[in-house]
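# Coordinate inspection notes
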Amino acid sequence: MNALEMTDSELYEIGIKILTHKLGASEVPRFTRQCKPGKGDYSVDRHKLLADQPDIDTIAKRIQNRRAARESEERARAKRFAAPKNEIRKMTDIEIYEIGNQVLINKLGVPGLIGFIQICQELNGGYTRGLIKSREEAKEYIKLYTASLTLNPKIVEDYIKRGNAYSYIGQHDKAIADYDQAIKLKPHYAKAYYSRGNAYRDEVDFNKAIRDYTKAIELKPDYAEVYYNRGKLYNEVDECDRAIEDFSAVIKLQPKHADAHGYRADLYRDKGEYDKAIKGYSMELELRPDDPEIYYERGEVYGEKGEYNKAIRDFSEALKLHPEFTEVYVKRALAYFRVGKFESAIQDYDRILELKPKFTQVYVARGIVWLHLKEWGNAKLDLTFASNLRVDIIAEFHNIYESVTDFERINNVQLPEDIAVMLKR
């Protein structure tokens, strides 16, 4: 049984079986909880030990005492290892960890123990093996995995990790070749298809990427990450319903997957299913309550439904979190306009021009609001300024009203002649 040639999932599954047989199912979590990345600064500890050295006689006596203590501990360790499961349950976590280490070494060898411990460390929130942060790091990983594969060309995980490193530096052909080799060695390994699918995606070969993602899901139906990536690609190729199905699968497997809630809400919105979209954004906000973008998106949906007061509420929450979010001021000003809160709309347009003085469309929008407030001087000033900046003020006005007469009838007002002339077709 060569642990090096096992996939991570195979090694983890076998390791758990070995521990369960030796420790009992109830004690396995006590072992895996101990698999945490070390946080100590060992160089500092070493310097402390080297400081204030004792004389030679004292050192010799300590060595003798430690040898006797070590022999006694070896006898106690052997006794613990031979204990039945009902006695193991009474042991401390450290003693259980020690027994688990020994049984894993006996069955899988030292490489198997190290690999299993590393997997458990990742599951406990530790540093992800092979996580690449820079091109230089990727190149170093390529050298490392090339060396290991030269010694043993059957290490599936190293083909995948080297492929990931090649992908990181944009050498997708080499990455795909490594994933191909991994699949050749382990034809039923979902992770290999998923990784190759990512490489095809990065090469913008979406059909092949979707094909590989689909194969990975066939092999591992609970592979949430694959559903998520395939859902994003279905969205790219305008397969909206299939994308929704995939994001729904992710949410079923991982109810707190905020991005899946958000993507699905976007798709529901595109389909005009506004209530479902609002529900999705609301779920996303439960998971990310400090994200102004989500308030903005939900506010837009409320606006599209004509529920302008709810839209204003969401836009205001977004601005509390991000006071310089210009697009939100634009949308809130329009919502204020729709509910007749013209002074509030003016304040938002003023704020937009503070943030983006060259946002020329704001002048015509503010000018139209001034008309509703019968502030003819301000209205003419803004409309003239917008017109001088080559904004089509007539088209903007007629996006809201059919004609000047229509404006005057609806608002029960007569525009000054000079302004009426400016806005007539």
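Residues numbered from 1 in each chain as written. Predicted model: local features only at pLDDT ≥ 70, side-chain atom pairs only at ≥ 80, totals over all residues. Heavy atoms only, no water.

## Quick notes on the nonpolar core
It is characteristic of soluble globular proteins that their nonpolar side chains tend to be buried jointly. Formed by 95 residues in total, the largest nonpolar core has its most connected members in L371, F397 and L423. Per element, the largest residue contribution to this core is seven residues, and it comes from helix α20 (residues 361–372). Judged by nonpolar contacts, the second largest core, of 22 residues, contains C35, I88, F116 and I117. (Core = buried A, V, L, I, M, F, W, Y, C linked by side-chain atoms within 4.5 Å. Buried < 20%, exposed > 50% of the residue type's maximum accessible area, 1.4 Å probe, protein only. Helix = DSSP H or I, 4+ residues; strand = E, 2+ residues; numbered from the N terminus.)

## Focus: the layout of surface pockets
Roughly 1200 Å³ of volume is contained in the largest pocket. What lines the largest pocket is a set of 33 residues, among which N164, K191, Y194, Y223 and E225 lie closest to the centre. At the level of elements, α1 (8–23), α6 (93–123), α8 (156–168) and α10 (190–202) are the ones that each hand at least two residues to the lining of the largest pocket. A total of seven residues in the lining of the largest pocket trace back to one element, the largest contributor, which is α10. Here the lining of the largest pocket is composed, by residue class, of 13 nonpolar, nine polar and eleven charged. (1 Å grid on protein atoms, 1.4 Å probe; cavity = no way out; pocket = protein on both sides within 12 Å on 5 of 7 lines; lining within 4 Å. Points joined across faces, edges and corners; volume = space filled by probe spheres on them. Nonpolar A, V, L, I, M, F, W, Y, C, P; charged D, E, K, R; others polar.)

## Some points on the packing of aromatic side chains
Throughout the structure, instances matching the rule amount to 15 aromatic pairs. The interplanar angle of 45° and the centroid separation of 6.2 Å between the aromatic rings of Y296 and F315 together place this pair among those described as tilted. Of this pair, Y296 sits in helix α16 (residues 292–305) while F315 sits in helix α17 (residues 308–321); the two residues are 19 residues apart in sequence, bridging distant segments of the chain. For Y296, a relative accessible area of 12% corresponds to the buried category. Taking the relative accessible area as the measure of exposure, F315 reaches 2% and is therefore buried. For the pair F397 and F407, a centre-to-centre distance of 5.8 Å together with 55° between the ring planes defines the contact as tilted. Within this pair, whereas F397 is found in helix α22 (residues 393–398), its partner F407 is found in helix α23 (residues 404–411), the two being separated by ten residues in sequence. Comparing F397 with F407 shows no difference in burial state: the two are buried. The rings of F31, Y97 and F116 are connected pair by pair, giving a single aromatic cluster. (Phe/Tyr/Trp six-rings, centres within 6.5 Å; stacked < 30°, edge-to-face > 60°.)

## Some points on the pattern of salt bridges
This structure, assessed with the given rule, holds 32 salt bridges. Residues K161 and E157 are paired through a salt bridge, measuring 3.6 Å at the closest nitrogen-oxygen approach. Of this pair, K161 and E157 both sit in helix α8, four residues apart, which is roughly one turn of that helix. For E157, a relative accessible area of 4% puts it in the buried group. In this structure, the salt-bridge partner of R313 is D314, at a minimum N-O distance of 4.0 Å. (Salt bridge = Lys/Arg side-chain N within 4 Å of Asp/Glu carboxyl O.)

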